[in-house]
Structures are given as structure tokens and as C-alpha cells.
Amino acid sequence: MSDRFGQAYGLTLMSPITGELDVDGTAHDVAIRRELRALNALAESPLVRVATTHLARWVVIDEAPYESEPAKVDHLESKYLLFTSNFDGGTLDDATALNDYLELLRTQIPDVIQRVYSHCVGFPGTSGRIAFQSYMLRCRIPTTFLFGAYGQATQEQVQQSLGLQRTLSDFVLAQQATRPTPDDLKQSFLQFATTAGLIAP
Amino acid sequence: MPLSNLSGKTYALTAFTRMPPLKTFGLRLVFALIRLSLQPPEVRGFISGVIISAVTAIVLQLLHALGLPMDAIMREGAWLLAPSAAAWFVGLTIHLLAFGIVGAIVGHFYQPTWSILGRIGIIQKNLVELSFIHFARWVIIPRTAFPRLAESQPQEHLHYDYLMFESNFNGAWEKYIDAFSQVVPGGMDNIWRWSVKYPGSRPISPFLAYIRNCQYDTDYYYSAYPGASTNDIRSALQLTDELTKFVATSATLPAADFARAYNRFLARVQNCLSKTAPGSASLSSPMSGMPIYEPIVPLAGTGQVAHV
């Protein structure tokens, strides 16, 4: 269960990048960076559509690190596109949780996945579910140890809690400003709790 | 161009270090112990007992081989079977289980901090107290495990296994590394001592240089809550729990009792109140001039103050 911390799942994918130049005469790693730079310029991240994602990143790994003499030099024959994500695994078993998440990537952001991964070796496209999942699973590296400060909470629970925190804070400040009687305070609070969905209307 | 290592308040650190393949086993053992330290105390005690009993079984067998009358394993098996190879294995099983059960009972009441698991438990607790980490992960990539997806893709010929470290944290890079080094120096060293030319987490300067050398910039970074720090999220989750309980217990109280309960509730949760916006880093958080949420509300018209 090293891919998990609480209900959260840590996915690590390393996809080899095609070595030759693309049709424009651009190196594929440069083309990937261009695509990712275009995503950075968007007002809203496409990963918002993959709603169970807490945090995710893409990193192009150009070359192995080198720590100076007497360490040996490792030269990577391929460049790699690293994708990591912390997402909600919920109560599903690991395989189902992972397959469901890959399916979300395929169906919610197919355009992004297609543009970025078309520069990677063996990418089959996003049209076939099984071929896509098989490709991603071949790129998967098992996580050795995952740690999360709130691994028990789903993305939706975190969003709802942050929203509730904000509205309750506003409510408390408003009550301080109006100095209500106990009756008014209780009535206002019950109204707040009903609006927040904590009490059935 | 936006800074890709940042998403709102959250910084993405990605680092790769290299390990001679044999040393990777040491690191895997460290992570196995960390995972074990996260188990309930009874499970930790049981496994510790089994490990101790395995060591004692080896010592007893060595002494027996030297001609000393120390064949305790066979004697334990002889309770059930005539002396034989099968009896020896039965004896060994009894030996391991007995120590394991005693370990589980002891572990239920007492987890010594001087033991390996006790020390790792402290490191784990300190890691949790590094309250600015959202998620972190370590991934061991053996030198033969880099994905090769086509015959046309050249095969890697690497000297070392790799350790990828990824962290998502609030705040400045140097302060983060510094705090990591101060709070969990033993934990850091146990994880990275297997890596090539790791300088140790103290003093901090060579350590910072080492991390800089093996860090990769993020090309695209996404956080679902760029405006929220780890503490914002933890306090919001705690506040939701407290608020749900408060609503369940106070909704039917008479107004005066409700007001007093409300004030007690505010006193409990005032450190959890904040106006963090999940989608923006620019709105206020508890660190940026927040208003003070008073736990006592003057009750207008009654001339009274509802005391906590």
C-alpha cells in the first residue's frame, strides 16, 4: 500500500520522450515544453476538470544528475516526461482507483493528453480506453513512500471545508458587528446552518 | 512566463539523487521500518517480538552447534512431536509466535523511544509537525526500471539506482529545506545517506547546494487549492468537524443556552477561522492581517455578556 496515504493515491508516471525531431523539425522535449508553457498561460487549469486531483505536475527530465568526482557519469539515452499526481483513491482497491483516474484523464482532458503525450514513445492516443490505460501502466513507477498532511480527506471535502471556513468566518464577524440578542443570534445561526447544508430546510 | 514551480502558495520540489544498487536495499529497509512505525502499537510490538525471537533462535542454534546444551527450539517442538526436522520447525513456530504475542501485549502498553521503531515514530511525528507540507513522496527507480516502450527506444545503461523525491509545500524554498534539516535531521540522513555524495543535513550550506544540484524545475504545476496553505486546509477540516458537532448538539437549546454554547464553540475554533479562498493566493489568510474573531459576544439589549 505504499502508493497510498489515507485514502489519497500517489501516481508516478515516467514516459520516454521520442528521440527524433517532430514534423516541424523541433525536438520532442522542446515541443512538450511548448505545450506545457501554453497550459501555464491559461486562466484556468485543465486539470480542474479531473476533479479528484489534489496536486499534479509535469516535469521534463533531460538528463541524470551528476555530483562531481569520483561519482560515475550516467547519461540518459532517452529524455522522460514525469507526471505525478495525488488524487482521491477513496475506498476503491488500488487497481480500480488507478484505472478510474486514468479514465478521468482520458475523458476529461483528452486534448491536453493528446498534445503532450503525442511526443512520447509508443503513445497510442486517447481514443481507446484499454490501449491508453495499458500505455500509462507501462509508464508507471510504484511509489515507495507517500506522505500527506490531509490524506484522509477527498478533494471535494477539502474544497467544501475551505468554503465553510470562509462563510462561517464572515458570519462570526457579522454577528460581532451587530451584537445580536440571544434569540437573534440563534435564529441567524440556524439560518446560516441551513444555508450551509448542515441542517435540513 | 509564470513560475511553474509555484501554484499560488504552494511550491513544487522535484529532486533525483543516485544510489549504488546495493545501497538501495538499505534505503528499502529504512522505508519498511517507517511503514512499520505507522502500524498500530500492537502490530509494531508483534513484529518486534518476532524479530527478537528470530535473533535468539539463531543464537541458540549457534550455541547448540558449538556443543552447548542449548537446543531450546527442538525442546519446544518436542512438546508436540517426537524429535525430528518437523518438530524443529514446530518449535521454531512456537518460539516466534510466543515472542510475537508477548511483543504485542508489551507494545499495547509501552513503546520505548530508544528502540528503532520508537525513534522512527518520533521522526514520523516530527514530519507531521512540519505543517507546511501538503504531500511528499519518495520513489525508488532501479537502474533497470526506466520504462522502455519500443524496440526503437535506446536501452538505458546506468550505473546507479535513482531516488526521486517530490514535495508540495508552502513558503520559500530555502526556509523549507532549512526546516526539514532542523526538524527531522535524523530522518533526512537515514533516507539520503545511501545517495552518492550526500553531505548530511547539517551544516545547512552543503546540504542546500546538494539539493540545488539534483533539483529539476517543474514545467507545469497544478494545485486544487492554490490559495490555501496546509494549515488553512487542516484547520478548515477541523472546523467542519467541530461545526457539525456543534450544530447537532445546540440547535434545540433555549436561546440563552445557545448563546453560551456558541461562545464556547467560538473559543474552541477561533484559531481555525480564516477567509482563505481555495482558488486564489491573493486573498487573506491567518498570516496576512486577519480580523480577530472574539469568543465573547456582547448580548445587545440584555445588558449581559455571555461568558465562555
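Residues numbered from 1 in each chain as written. Chains lettered and ligands numbered in written order. Predicted model: local features only at pLDDT ≥ 70, side-chain atom pairs only at ≥ 80, totals over all residues.

Caption draft 1: Just the overall build of chain A, in detail. Within chain A, the secondary structure is distributed over six helices and five strands. Helices (α) and strands (β) of chain A occur, in sequence order from the N terminus, as β-β-α-β-β-α-α-α-β-α-α. Here the C-alpha atoms of chain A give a radius of gyration of 23 Å, more than 25% beyond the 17 Å that 2.2 N^0.38 yields for 201 residues. Going through the 201 residues of chain A one by one, you find that 44% of them count as buried. Sequence-distant contacts, at least 24 apart, represent 71% of the contacts inside chain A between residues at least 6 apart. (Helix = DSSP H or I, 4+ residues; strand = E, 2+ residues; numbered from the N terminus. Rg over C-alpha atoms; globule rule 2.2 N^0.38 Å. Buried ≥ 20, exposed ≤ 12 C-beta atoms within 10 Å, placed from the backbone. Contact = placed C-beta atoms within 7 Å.)

Caption draft 2: Layout of unusual backbone geometry. The omega torsion of the bond from E69(A) to P70(A) falls at 5 degrees, within 30 degrees of zero and hence cis. Structurally, the position occupied by P70(A) is in the loop between β3 (53-61) and β4 (80-88). Looking along the chain, the bond that leaves R202(B) and enters P203(B) is cis, with omega of 0 degrees. Inspection of the secondary structure puts P203(B) in the loop between α7 (185-192) and α8 (204-214). Phi at S68(A) takes a positive value of approximately 80 degrees, unusual for a residue other than glycine. With respect to the element layout, S68(A) can be found in the loop between β3 and β4. S68(A) sits in the exposed class, given 8 other C-beta atoms within 10 Å.

Caption draft 3: Here's a closer look at the interface of chain A and chain B. Taken together, the 73 residues of chain A in the interface contact 84 residues of chain B. No other element matches the 14 residues that helix α5 (residues 155-178) of chain A contributes to the side of chain A that touches chain B. Residue composition of the side of chain A that touches chain B, by class: 38 nonpolar, 23 polar and 12 charged. Two strands pair when backbone bridges link them, and strand β5 (residues 145-148) of chain A and strand β3 (residues 133-141) of chain B are joined in this way by four bridges, in the antiparallel orientation. (Nonpolar A, V, L, I, M, F, W, Y, C, P; charged D, E, K, R; others polar. Pairing = 2+ DSSP bridges.)

Caption draft 4: Quick look at the confidence of the model for chain B. On average, residues of chain B carry a pLDDT of 81, and 81% of them reach 70 or more. Here residues 280-291 of chain B is modelled with pLDDT under 50, and outside its nearest four sequence neighbours on either side it reaches 19 contacts, counting other chains as well. (pLDDT = per-residue confidence, 0-100.)

Caption draft 5: Representation of the packing of helix α6 (residues 182-195) of chain A against helix α10 (residues 255-269) of chain B in the model. Closest axis-to-axis distance for the α6(A)/α10(B) pair is 8 Å, and the angle between their directions is 70 degrees. Classified by the angle between their axes, α6(A) and α10(B) sit roughly perpendicular to one another. Between α6(A) and α10(B) lies a crossing of left-handed hand. Here α6(A) contributes P182(A), D183(A), L185(A), K186(A) and F189(A) to the contact with α10(B), which in turn contributes A255(B), A256(B), F258(B), A259(B) and Y262(B). (Axes fitted to C-alpha atoms, helices over the stretch in contact; angles between N-to-C directions. Parallel < 35°, antiparallel > 145°, perpendicular 65-115°, else oblique. Left-handed = near helix turned anticlockwise from the far one by under 90°.)

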